[in-house]
Amino acid sequence: MDFSRLISKIAVDENSNKLGKIVKIEKLLGKTIKKYKPHAMILVRKRFKKTVVVPIDVEKIVKVGGQYVWFDILKEEFDAEVKTAVLVQTVRETYTGDTGFHKVKGNLGFAYEPYRLSRKGKERKR
């Protein structure tokens, strides 16, 4: 089935509550079976909150008509998916791991060393 015709349509749950706009179709890994399956990427915009893209499996499509696409999902289940997507997005934006920058002596101030091979990165225990 050609899912490209679903792009730019409005996603609606089984009770006709608006979920968001379908932005694109991507192949992502399934939750239980680790095979690539097509997912509809739904853009969710809420006032005073971050804009987030939520994937929903296209096997949950019940009906396509006009500008709407009905999914076999409830609004509460979709809101739970939105919360996890927002959490993942904020974790990816605020990564606090090692970036490879460290203080060195000299006029430079900071230097980039991706492999951490110099001895300046390590400090001696006393």
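Structure: above.
Quick notes on the rules
Residues numbered from 1 in each chain as written. Predicted model: local features only at pLDDT ≥ 70, side-chain atom pairs only at ≥ 80, totals over all residues. Heavy atoms only, no water. Pairing = 2+ DSSP bridges. Helix = DSSP H or I, 4+ residues; strand = E, 2+ residues; numbered from the N terminus. Axes fitted to C-alpha atoms, helices over the stretch in contact; angles between N-to-C directions. Contact = heavy atoms within 4.5 Å. Expected span 1.5 Å × (residues − 1). Buried < 20%, exposed > 50% of the residue type's maximum accessible area, 1.4 Å probe, protein only. Arc of directions from axis to C-beta. Polar contact = N/O pair within 3.5 Å; in protein donor to acceptor, adjacent residues only side chain to side chain. Phe/Tyr/Trp six-rings, centres within 6.5 Å; stacked < 30°, edge-to-face > 60°. Lys NZ or Arg CZ within 6 Å of the ring centre and 35° of its normal. Salt bridge = Lys/Arg side-chain N within 4 Å of Asp/Glu carboxyl O.

Trainee: What's the story with the sheet that holds strand E1 (residues 10–12) in this structure? I'm lost.
Mentor: Sheet strands line up and pair through hydrogen bonds in the backbone, either parallel or antiparallel. Taken in spatial order, the 6 strands line up as E4-E3-E2-E1-E6-E5 in an open sheet, and their pairing is mixed. Both outer strands of the open sheet, strand E4 (52–57) and strand E5 (61–65), are each paired with one neighbouring strand and no more. Taken pair by pair, the neighbouring strands of this sheet meet at an average axis angle of 40°, ignoring direction. One ladder, built from 4 bridges, connects E5 with strand E6 (residues 68–71); its direction is antiparallel. Bridging across to E6, lysine 63 finds its partner in tryptophan 70. Contacts from helix H1 (residues 75–93) reach strand E2 (18–29), strand E3 (36–44) and E4 within the one sheet, and its direction differs from that of E4 by about 130°.

Trainee: I tried to follow H1 on my own but got confused; where do I start?
Mentor: Since the α-helix advances by 3.6 residues per turn, residues separated by three or four positions end up pointing in the same direction. Counted at 1.5 Å a residue, the expected span for H1 with its 19 residues is 27 Å, and the 27 Å between its end C-alpha atoms agrees. Of the positions making up H1, those classed as buried are Phe78, Val82 and Ala85. Buried residues in H1, looked at end-on, bunch into an arc of 65°, giving them a common side. Opposite the packed face of H1, turned more than 90 degrees from it, sit the exposed residues Glu76, Lys83, Leu87 and Val91. The secondary structure elements touched by the buried residues of H1 are E2, E3 and E4.

Trainee: Looking at this structure, how should I read the environment of valine 54?
Mentor: Along the chain, valine 54 falls in strand E4. Valine 54 gets classed as buried once you look at its relative accessible area, which sits at 0%. Counting along the chain gives 24 residues from valine 54 to phenylalanine 78, while the straight-line C-alpha distance between them is 8.7 Å. Sequence-distant contacts of valine 54, that is, excluding residues within four places in its chain, are made with Ala40, Met41, Ile42, Val44, Phe78, Glu81, Val82 and Ala85.

Trainee: Help me out: how do you make sense of the side chain of histidine 39 in this one?
Mentor: Summarising the element assignment, histidine 39 is placed in strand E3. Exposure remark for histidine 39: the relative accessible area of 9% places this residue in the buried category. Side-chain polar atoms of histidine 39 contact the backbone oxygen of lysine 37, separated by 2.9 Å. For histidine 39, the residues in contact, after removing those within four places along its chain, are Lys24, Ile25, Glu26, Leu28, Leu29, Pro55, Ile56, Asp57 and Val58.

Trainee: Looking at this structure, how should I read the packing of aromatic side chains?
Mentor: Here the distance between the centres and the angle between the planes together describe a pair of aromatic rings. The tally for this structure, following the rule as stated, stands at 1 aromatic pair. When the ring of tyrosine 68 is compared with that of tryptophan 70, the centres are 6.1 Å apart and the planes differ by 50°; the resulting orientation is tilted. If you follow lysine 63 out to its NZ or CZ, it ends over the ring of tryptophan 70, 4.4 Å from the centre.

Trainee: Looking at this structure, I do not really get the pattern of salt bridges. What am I missing?
Mentor: Any two side chains of opposite charge can pair, given that their charged atoms come close. Taken as a whole and assessed by the stated rule, the structure comprises 3 salt bridges. Residue glutamate 26 pairs with lysine 24 through a salt bridge whose shortest N-O separation is 3.0 Å. According to the relative accessible area criterion, glutamate 26 is partly exposed, its value standing at 27%. Among the ionic pairs, lysine 37 bridges to aspartate 57, the shortest N-O distance being 3.2 Å. In this pair, lysine 37 sits in strand E3 while aspartate 57 sits in strand E4, placing the two residues 20 residues apart along the sequence. Because the salt bridges share partners, they merge into one network encompassing Lys37, Asp57 and Glu59.

Shape is all these values report; function is a separate question.
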